[in-house]
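Descriptive structure summary
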Amino acid sequence: PRQPTAAVPLVALDLGGTLIKLVYTASCEGGGDGAELRFAKFERRRLHECFDFIRAKGLLGCNGTRSGKENVPLKASGGGAYKFADDFREKLGVCLDKLDEMDSVVSGANFLLQNIPGAAFTHMNGQRNPVDVSLNNLFPYLLVNIGSGVSILKVTGNRKFERVTGTHIGGGTMFGLAKLLTGCKSYDEFLQLSQKGDNFVLDLIVKDICGELVCQKQGLATSTLASSFGKVITSKKRLTDYKPEDLASTLLSAFTYNIAQIAFLVASLLGLRRVFFGGSYIRGHKSTMENISFAIDFWSQSQMQAVFLRHEGYLGALGALMSYGD
Ligand code: ADP
């Protein structure tokens, strides 16, 4: 994506509960008169890596320290913008211009949807298809931002939105449990584990309760989830008897379906048919998107559509970057 040339790189941050997201402009490689957007993320507990990156890339601009003045303030969204303001001042000599988190997430989503062709897509039945978005058909929509927690917003226009609800049982909960149960060290490792696992080892499905014959008679899909982790109760197995892969797979499906179901319920209450999903939880992971899409389609009887966004984890940081134009 190209942006107007800026003499000094524009830098914006979103300092969340788990991750620090950074978006900045850089001159186009190979010349050209535009600038491109670049993305970087760091674990919140490794704030120093973010500082090193900002220094190494020369992202504080040259109109600051050389003349002995303060650096230009950095636009920053997320709770960490308050918590870490002193660290940024002490370590980098820069102030943070703190922005409203939800405002930034919505601005970032609207920017992507209105300016980046192909930014929105569906992912269902193994197929990724672009969604044609234009100003006439974009609003209103539901935005479900799945980060450490989940925020659910009704967006009715540029800068027009309402945070309808949310849930504290989000990506942080799942990854926290995943670390305890599977011993995984990183989110990517967790996702890879889940790919190799089988959730039916731990999940109780309708067939387990009713038996196949009854399911057939009543027209119930045999593989419908009845209770995530439900098989564990009647088993003699201990935690160490389960494969980390199967535990990971069960965790991911339990959380993903639950969040998708809440999204469906909120969209139904508000009469919205298009639900955009953002946040680093999704991480461009195919089966996460497939499961969300399946769930939304299943519960809405194909009346609603789950739509995903490129750069889904950077909505807040992108929105913060957009605010330089205010
Ligand atoms: P926040 O702003 O609250 O930090 P994010 O949108 O960055 O939220 O999403 C954080 C969630 O994304 C985590 O809870 C986890 O589920 C997932 N995630 C994706 N990548 C990572 C990673 N590298 N480290 C930790 N969690 C990650």
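1. Re the environment of Tyr281
Mapping Tyr281 onto the fold places it in the loop between strand 14 (274-278) and helix 11 (286-299). Taking the C-alpha atoms as reference, Tyr281 lies 8.3 Å from Gly170; in sequence the two are 111 residues apart. Apart from the residues within four sequence positions on either side, Tyr281 is in contact with Ile146, Gly147, Gly170 and Gly171.

2. Points about the site of the ligand
By nearness alone, 18 residues border the ligand, and Gly16, Gly147, Ser148, Gly171 and Ser280 come closest of all. At four residues, the largest contribution of residues to the shell around the ligand is made by helix 6 (residues 171-182). Considering only residue class, the shell around the ligand consists of five nonpolar, eleven polar and two charged. Two domains share the shell around the ligand, each providing at least three of its residues, namely domain 1 (2-101 + 315-325) and domain 2 (171-202 + 242-309).

3. A few points about the packing of helix 6 against helix 10 (residues 244-270)
For the pair helix 6 and helix 10, the least separation of the axes is 10 Å and the interaxial angle reads 165°. Between helix 6 and helix 10, the angle falls in the class roughly antiparallel. Judged by the sense of rotation from one axis to the other, the crossing of helix 6 with helix 10 is right-handed. Here helix 6 contributes Met174, Leu177, Ala178, Leu181 and Thr182 to the contact with helix 10, which in turn contributes Pro244, Leu247, Ala248, Leu251 and Phe255. Counted by class, the contact of helix 6 with helix 10 contains nine nonpolar, one polar and no charged residues.

4. Regarding the sheet that holds strand 10 (residues 150-157)
If you walk across this open sheet you meet the seven strands as 8-7-15-14-9-10-11, and the pairing is mixed. Looking at strand neighbours, the two that pair on one side only are strand 8 (127-130) and strand 11 (160-167), the edges of this open sheet. Adjacent strand axes in the sheet meet at a mean angle of 30° when their direction is disregarded. The pairing of strand 9 (residues 141-146) with strand 10 spans six bridges and is antiparallel. Each residue of the ladder has a partner; that of Tyr141, found in strand 10, is Val155. Seen against the sheet, helix 4 (residues 101-115) touches strand 7 (120-124), strand 9, strand 10, strand 11, strand 14 and strand 15 (305-309) and runs at an angle of roughly 60° to strand 10. Together, strand 7, strand 14 and strand 15 form the strand contacts of helix 11, whose direction differs from that of strand 7 by roughly 80°.

5. Observations regarding the domain arrangement of the chain
Structurally, the chain comprises domain 1 (2-101 + 315-325) and domain 2 (171-202 + 242-309). For domain 1 and domain 2, the distance between their C-alpha centres works out to 30 Å.

6. Some remarks on the nonpolar core
Counting residues in hydrophobic clusters, the biggest one holds 79 residues, and the most contacted among them are Ala12, Ala263 and Val275. Counting residues per element, this core draws most heavily on helix 10, which supplies twelve residues. Looking at which domains feed residues into this core, each of domain 1 (2-101 + 315-325) and domain 2 (171-202 + 242-309) supplies at least three. Filtering out sequence-adjacent residues up to four positions away, Ala263 remains in contact with Leu142, Val144, Ile152, Val275 and Ile296.

7. Here's the deal with the pairing of strand 9
Summarising burial for strand 9: six of the six residues are buried, a large majority. Of the two faces of strand 9, the one carrying Tyr141, Leu143 and Asn145 and the one carrying Leu142, Val144 and Ile146 are both buried. Between strand 9 and strand 10, which follow one another and run antiparallel, lie three residues.

Rules used throughout
- Residues numbered from 1 in each chain as written.
- Predicted model: local features only at pLDDT ≥ 70, side-chain atom pairs only at ≥ 80, totals over all residues.
- Helix = DSSP H or I, 4+ residues; strand = E, 2+ residues; numbered from the N terminus.
- Contact = placed C-beta atoms within 7 Å.
- Near = placed C-beta within 6 Å.
- Nonpolar A, V, L, I, M, F, W, Y, C, P; charged D, E, K, R; others polar.
- Domains from an automatic or database assignment.
- Axes fitted to C-alpha atoms, helices over the stretch in contact; angles between N-to-C directions.
- Parallel < 35°, antiparallel > 145°, perpendicular 65-115°, else oblique.
- Left-handed = near helix turned anticlockwise from the far one by under 90°.
- Pairing = 2+ DSSP bridges.
- Core = buried A, V, L, I, M, F, W, Y, C linked by C-beta atoms within 7 Å.
- Buried ≥ 20, exposed ≤ 12 C-beta atoms within 10 Å, placed from the backbone.

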